[in-house]
Amino acid sequence: MEPVVQVDEISEATFKSVLSRFCSGVTVITALSGDEPVGFSCQSFSSLSLDPPRVCFFPARTSTSWPRIREVGRFCVNILAHDQDEICRALARRGTDKFAGVDWELSGNGSPRLSGALASIDCELDREVDGGDHTIVIARVTALAEHSDQAPLLFYRSSFERLRGY
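Cut-offs applied
- Residues numbered from 1 in each chain as written.
- Predicted model: local features only at pLDDT ≥ 70, side-chain atom pairs only at ≥ 80, totals over all residues.
- Heavy atoms only, no water.
- UniProt positions renumbered as here; feature names shortened; annotations may be inferred.
- Helix = DSSP H or I, 4+ residues; strand = E, 2+ residues; numbered from the N terminus.
- Contact = heavy atoms within 4.5 Å.
- Phe/Tyr/Trp six-rings, centres within 6.5 Å; stacked < 30°, edge-to-face > 60°.
- Buried < 20%, exposed > 50% of the residue type's maximum accessible area, 1.4 Å probe, protein only.
- Pairing = 2+ DSSP bridges.
- Axes fitted to C-alpha atoms, helices over the stretch in contact; angles between N-to-C directions.
- Salt bridge = Lys/Arg side-chain N within 4 Å of Asp/Glu carboxyl O.
- Patch = residues over 30% accessible without salt bridge, like charges linked within 9 Å, V, L, I, M, F, W, Y side chains within 5 Å.
- Areas by Shrake-Rupley, 256 points an atom, 1.4 Å probe, with all protein chains shown as cover.

- In the nomenclature of an unreviewed UniProt entry, the protein chain is known as Flavin-dependent monooxygenase, reductase subunit HsaB of Nocardia cerradoensis.
- The UniProt entry for the protein chain carries the following comment under Sequence similarities (unreviewed entry): "Belongs to the non-flavoprotein flavin reductase family."

Written as structure tokens, this is what we have:
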């Protein structure tokens, strides 16, 4: 192991490199804005509270999708399966029809629920907190369901990974 080195100023490259060693699942946050589905890929997602049931996620301040979802006030968190990396990439793009070729149906709260997702969590926006170059979104869980026992889509060191044994 290399010794810990503390510095007064942490470079963006070092920050990203160290934190990329934290493996995370991948979600897609979706809503229906009028008749148009809107959404974005999000690996910065977590459960927050059991009582009351709350989740949180962290969209970038530069996101063009989050303001549209915020305006709707309700959304669906789709937990992606191991074989949904292309869906993740599609929903991460800007300036294109993100939902072209993506199968979905309406969840209980009227948001797009992605076909093939491991689970879905319907939410209502509770509040937002300043998180620097990201926003901390806290949401009330209104409904949730498991849809599959497949392996999850994982993100580790800037690439998609799969659990061994699945």
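Now that the structure has been shown, we can carry on.
## Describing the environment of Ala-117
- For Ala-117, the location among the structural elements is in the loop between strand 8 (112-114) and strand 9 (119-131).
- Put simply, Ala-117 and Ala-13 are 104 residues apart on the chain and 32 Å apart in space, counted from C-alpha to C-alpha.
- Here Ala-117 is in contact with Asn-78, Ile-79, Gln-84, His-147 and Ser-148, once residues within four sequence places are set aside.

## Side note on the packing of aromatic side chains
- Tallying each qualifying case throughout the model produces six aromatic pairs.
- Taking the centre distance of 5.5 Å and the plane angle of 85 degrees together, the rings of Phe-57 and Trp-66 count as edge-to-face. Here Phe-57 and Trp-66 have matching classes, each one buried.
- Aromatic pair Phe-57 and Phe-75: ring centres 5.5 Å apart, planes at 90 degrees, arrangement edge-to-face. Taken as a pair, Phe-57 in strand 5 (residues 54-57) and Phe-75 in strand 6 (residues 74-79) lie far apart in primary sequence, 18 residues in all.
- Taken together, the aromatic side chains of Phe-40, Phe-57, Trp-66 and Phe-75 make up a single cluster linked through ring pairs.

## Regarding the sheet that holds strand 11 (residues 154-156)
- Spatially, 1-11-12 is the arrangement adopted by the three strands of the open sheet, whose pairing is antiparallel. The open sheet has two edge strands, strand 1 (24-25) and strand 12 (159-161), and neither has a second partner.
- Here three bridges tie strand 11 to strand 12, and the two strands are oriented antiparallel to one another. Among the inter-strand pairings, Tyr-156 is bridged to a residue of strand 12, identified as Ser-159.

## A word on the sheet that holds strand 4 (residues 45-49)
- Ordered by their spatial adjacency, seven strands build an open sheet running 3-2-6-9-10-5-4, and the pairing between neighbours is antiparallel. Either end of the sheet is taken by a strand with one partner, and the two such strands are strand 3 (36-42) and strand 4. With direction set aside, neighbouring strand axes in the sheet form an average angle of 35 degrees.
- By the bridge criterion, six bridges tie strand 6 to strand 9 in an arrangement that is antiparallel.

## Observations regarding the pattern of salt bridges
- The final tally for this structure, using the stated rule, is eleven salt bridges.
- A salt bridge links Glu-86 to Arg-89; the nearest nitrogen and oxygen atoms lie 3.1 Å apart. Of this pair, Glu-86 and Arg-89 are both found in helix 3 (residues 85-92), three residues apart, which corresponds to roughly one turn of the helix.
- By relative accessible area, which is 52% here, Glu-86 ends up exposed.
- For Arg-89, a relative accessible area of 39% gives the class partly exposed.
- In this structure, a network of salt bridges that share partners links the residues Arg-54, Glu-124, Asp-126, Arg-127 and Arg-140.

## Notes on a nonpolar patch on the surface
- On the surface, Ile-10, Phe-15, Val-18 and Leu-19 cluster together into a nonpolar patch covering about 420 Å² of accessible area.
- Using a relative accessible area of 45% as the deciding quantity, one classes Leu-19 as partly exposed.

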